[in-house]
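Next come the chains, spelled out residue by residue.
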Amino acid sequence: MSLAEPETVYADAPDPTMIRIVLGAIAATLLFASLGQTIVSTALPIMVADLGGMDHLTWVITAYLLTSTIAAPMAGKLGDMFGRKAVLQWGIGVFVVGAIVCGVATNMGLVIAGRAIQGAGAGSLIVTSMATVGDLLPARQRGMAQGILGAAFGISTVIGPLLGGLIVETIGWHWIFFVNLPVGLLAFVVLGYALPRRTERPEAKLDYTGAALLTTLLASIVLVPNATGVEQTVALLGVGLLALVGFVWAERRAEAPILPMSLFVNNTFVVVNSVGFLVGMAMFGTITFLPLFLQVVKGVSPTNSGLFLVPMMAGLLSASMGAGRIMSKTGHYRMMPIYSTGLLALAMAMMATITQDSPLWLIAGCMVLVGLGLGPVFSVGVAAIQNAIPMSLMGVGTASANMFRLIGGALGTAFFGAVFSAGLARNLSDVLPGAAEGGLRSLGAAQVAALPPEAQEAVMTGFSNALHPIFWIAAGAAALACLTSTRLKELPLDAA
């Protein structure tokens, strides 16, 4: 694509060749960060068998998600104040340190600590990479570039688990934390050379109070799905509500707020992030519960059940890049989120009809439609926000898109989990004694296979029926996102 020289916050406007180099390094950085997240999943059982600590298994994932969610808005603000180069290089350094801690770990405690450090680096890198696109490219070209970054993320989602499994089976799980470090180090050097420096230094002080309250709020939300009971869930939600009230109060008074309240009267900011929140619910619900259905009901192996996410990613990548190309070529974008979220609602409604007799090709086809519905929301949404806010808030605005999507995913996962558990207990109370009292926590494919044929059929029917409300609710969320998208006011996209 032709690269113009936009109004920029940098001292020297970079030439098109240098922009291409920077964008290549940004894509490599995003691949480096996202691969570090996805490569671990297939190695977890081996790590637990080697180090022990099965009761800490979920914290390997939660620690990463927690710190990456918290780091994202902080990195966005710091990038606005001190420049993207410093934040990107800091993020790479933090991620590398976390990878080394994990790679040399001798117990699960160290692995969890390393994953927490990695998450802080990854959250910073993902948001700052997207914000850098907004700094370097004119508005009309950002959609295509964001689509390319989305492709890098999608590639990692597909190859990460496969590469992790290969490394675990050949040279050992420790190496999954070292395999992509050369990519990160190369990106560190290239960005240090090619990314222009900032001309200005901030005079305002950092908003420490807002940062602390936002950290508390996001931590409460991320930890809700891991709550062990109603009392703990209510406590987390209560802490989160108090933190939200305090955060709004602090941001109204801060000299340089982490998330300025003025953004919440910006039509594009409000609409895009509302859609992102709703779409995050639908997306994470699908990713969480579809593999479970495939393993327990369809008898698909864990590895192959993960491969059913490949059709979704194929649809997401093609739609994301296609939407970005249309946005860059025509200068229009308003209708794409409307169409895509409508398609997502249709796909979720189709998912709500699947049963134990549904063919696998039908499920794969539904996943393609889910991906096609998700793709434009990601690439167009970020580019639209970047077009609607001042350059001085580029990092904050970009981080918001990621933050609201993750909040939707966390709350959606917790809510869907409660709906599924209640439905499964109700459906199987006559088949499995003790189901209503929580006796289903260890229900899996092996346990179902050991049951008599009549009981197997009843369990699989009950399992399928328990999932249907989840997908219907996700379809409703997507339909609401479609309706919300109609409120988006399209702003002109500058070509240069």
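Fair warning: this is a prediction, and the values are worked out from it, not measured in the lab.

1. Some words on the overall build of the chain
Each helix and strand in the chain was counted, giving 17 helices and zero strands. For the chain, the accessible area works out to roughly 20300 Å², and carbon and sulfur atoms hold 68% of it.

2. Examining empty space enclosed by the protein
This model, assessed by the stated rule, comprises three cavities of 30 Å³ or more. Computed from the structure, the largest cavity encloses a volume of approximately 90 Å³. If you trace the largest cavity, you find it lined by Val-271, Val-272, Val-275, Pro-337, Val-377, Val-380, Gly-381, Ala-384, Ser-485 and Leu-488. If you list the elements that add at least two residues to the lining of the largest cavity, you get helix H10 (267–296) and helix H14 (360–388). With four residues, the top contributor of residues to the lining of the largest cavity is H14. Considering only residue class, the lining of the largest cavity consists of eight nonpolar, two polar and no charged.

3. Re the packing of aromatic side chains
Each aromatic ring pair is described using two quantities: the centre-to-centre distance and the angle formed by the ring planes. Counting across every chain of the model gives six aromatic pairs. On the numbers, 5.6 Å between centres and 75° between planes, the contact of Trp-175 with Phe-178 is edge-to-face. On the accessibility criterion, Trp-175 (47% relative accessible area) is partly exposed. Between the aromatic rings of Phe-269 and Phe-404, the centroid separation amounts to 6.4 Å while the plane-to-plane angle is 90°, which identifies the pairing as edge-to-face. Of this pair, Phe-269 sits in helix H10 while Phe-404 is found in helix H15 (residues 394–428), placing the two residues 135 residues apart along the sequence. We note that Phe-269, like Phe-404, is buried. Each residue in the set Phe-264, Phe-269 and Phe-404 is aromatic and connected to the rest through ring pairs, giving one cluster.

4. Section: the layout of surface pockets
Approximately 450 Å³ is the volume found for the second largest pocket. Every residue lining the second largest pocket is counted, 26 residues in all, and those nearest its centre are Leu-217, Ile-221, Leu-244, Phe-404 and Ile-407. Mapped onto the lining of the second largest pocket, the elements with two or more residues apiece are helix H8 (208–223), helix H9 (230–253), H10 and H15. The dominant element in the lining of the second largest pocket, judged by the number of residues it contributes, is H9, at seven residues.

5. Thoughts on the confidence of the model for the chain
A residue-level look at the chain finds 87% of positions with pLDDT of 70 or above and a mean pLDDT of 80. Summarising per-element confidence for the chain, the mean pLDDT is lowest in helix H16 (residues 445–449) (62) and highest in helix H13 (residues 335–351) (92). Note on residues 1–7: pLDDT is under 50 here. Beyond four places in sequence and across chains, it has 28 contacts. Here residues 436–442 is a poorly scored stretch, pLDDT under 50, and it has eight contacts once near neighbours within four places are set aside; other chains count.

6. Regarding the environment of Leu-23
Note that Leu-23 resides in helix H1 (residues 16–38). Sequence separation between Leu-23 and Met-130 is 107 residues, and the spatial gap between their C-alpha atoms is 10.0 Å.

7. Focus: the packing of H15 against helix H17 (residues 453–485)
Relative to each other, H15 and H17 sit at 150°, their axes nearing to 9 Å. The angle between H15 and H17 places the two elements in the roughly antiparallel class. Relative to H17, H15 is oriented so that their crossing is right-handed. Of the residues in H17, those touching H15 at Phe-415, Phe-416, Val-419, Phe-420, Gly-423, Leu-424, Asn-427 and Leu-428 are Ala-458, Val-459, Gly-462, Phe-463, Asn-465, Ala-466, Leu-467, Pro-469, Ile-470, Ile-473 and Ala-474. Of the residues contributing to the contact of H15 with H17, the split by class is 15 nonpolar, four polar and no charged.

8. Description of the side chain of Asp-135
Position of Asp-135 relative to the elements: it lies in helix H5 (residues 108–136). Its relative accessible area of 2% is what places Asp-135 among the buried residues. Side chain to side chain, Asp-135 and Arg-84 meet in a polar contact 2.6 Å long.

9. Some remarks on the environment of Pro-311
Inspection of the secondary structure puts Pro-311 in helix H12 (residues 309–330). In this structure, the C-alpha to C-alpha distance between Pro-311 and Cys-366, residues 55 residues apart in sequence, is 8.7 Å.

10. Focus: the side chain of Thr-484
Here Thr-484 lies in helix H17. Among the residues examined, Thr-484 registers a relative accessible area of 19% and is labelled buried. Look past the residues within four positions of Thr-484 in its chain and what remains in contact with it is Val-271, Ser-274, Val-275 and Leu-278.

11. Notes on H12
In a regular helix each residue adds 1.5 Å, so 22 residues correspond to 32 Å; H12 covers 31 Å between its end C-alpha atoms and thus fits that length. Directly after H12, the chain includes Gly-331, whose backbone phi takes a positive value near 80°.

12. Some details on the pattern of salt bridges
All chains considered together, the criterion is met by two salt bridges. Here Arg-84 and Asp-80 are joined by a salt bridge, their closest N and O atoms 2.8 Å apart. Across the pair, Asp-80 and Arg-84 agree in class, each one buried. For Arg-84, the salt bridge identified is with Asp-135, shortest N-O distance 2.6 Å. Here Arg-84, found in helix H4 (residues 84–103), pairs with Asp-135, found in helix H5; they are 51 residues apart in sequence, far enough to count as distant. Just as Arg-84 is buried, Asp-135 falls in that class too. Counted as one network, the salt bridges with shared partners bring together Asp-80, Arg-84 and Asp-135.

13. So, the packing of H12 against H14
Two packed helices can be described by the angle between their axes and the distance between those axes. Their axes nearest at 6 Å, the elements H12 and H14 cross at an angle of 35°. Regarding H12 and H14, the two cross each other, and that crossing is right-handed. In terms of residue class, the contact of H12 with H14 is built from 18 nonpolar, seven polar and no charged.

14. Thoughts on the environment of Val-22
When you line up the elements, Val-22 lands in helix H1. You can call Val-22 buried: its relative accessible area is 1%. Separated by 168 residues in sequence, Val-22 and Val-190 place their C-alpha atoms 7.4 Å apart. Residues in contact with Val-22, not counting those within four places in the same chain, are Thr-132, Leu-136, Leu-191, Ala-194 and Leu-195.

The rules behind these values
Residues numbered from 1 in each chain as written. Predicted model: local features only at pLDDT ≥ 70, side-chain atom pairs only at ≥ 80, totals over all residues. Heavy atoms only, no water. Helix = DSSP H or I, 4+ residues; strand = E, 2+ residues; numbered from the N terminus. Areas by Shrake-Rupley, 256 points an atom, 1.4 Å probe, with all protein chains shown as cover. 1 Å grid on protein atoms, 1.4 Å probe; cavity = no way out; pocket = protein on both sides within 12 Å on 5 of 7 lines; lining within 4 Å. Points joined across faces, edges and corners; volume = space filled by probe spheres on them. Nonpolar A, V, L, I, M, F, W, Y, C, P; charged D, E, K, R; others polar. Phe/Tyr/Trp six-rings, centres within 6.5 Å; stacked < 30°, edge-to-face > 60°. Buried < 20%, exposed > 50% of the residue type's maximum accessible area, 1.4 Å probe, protein only. pLDDT = per-residue confidence, 0-100. Contact = heavy atoms within 4.5 Å. Axes fitted to C-alpha atoms, helices over the stretch in contact; angles between N-to-C directions. Parallel < 35°, antiparallel > 145°, perpendicular 65-115°, else oblique. Left-handed = near helix turned anticlockwise from the far one by under 90°. Polar contact = N/O pair within 3.5 Å; in protein donor to acceptor, adjacent residues only side chain to side chain. Expected span 1.5 Å × (residues − 1). Salt bridge = Lys/Arg side-chain N within 4 Å of Asp/Glu carboxyl O.

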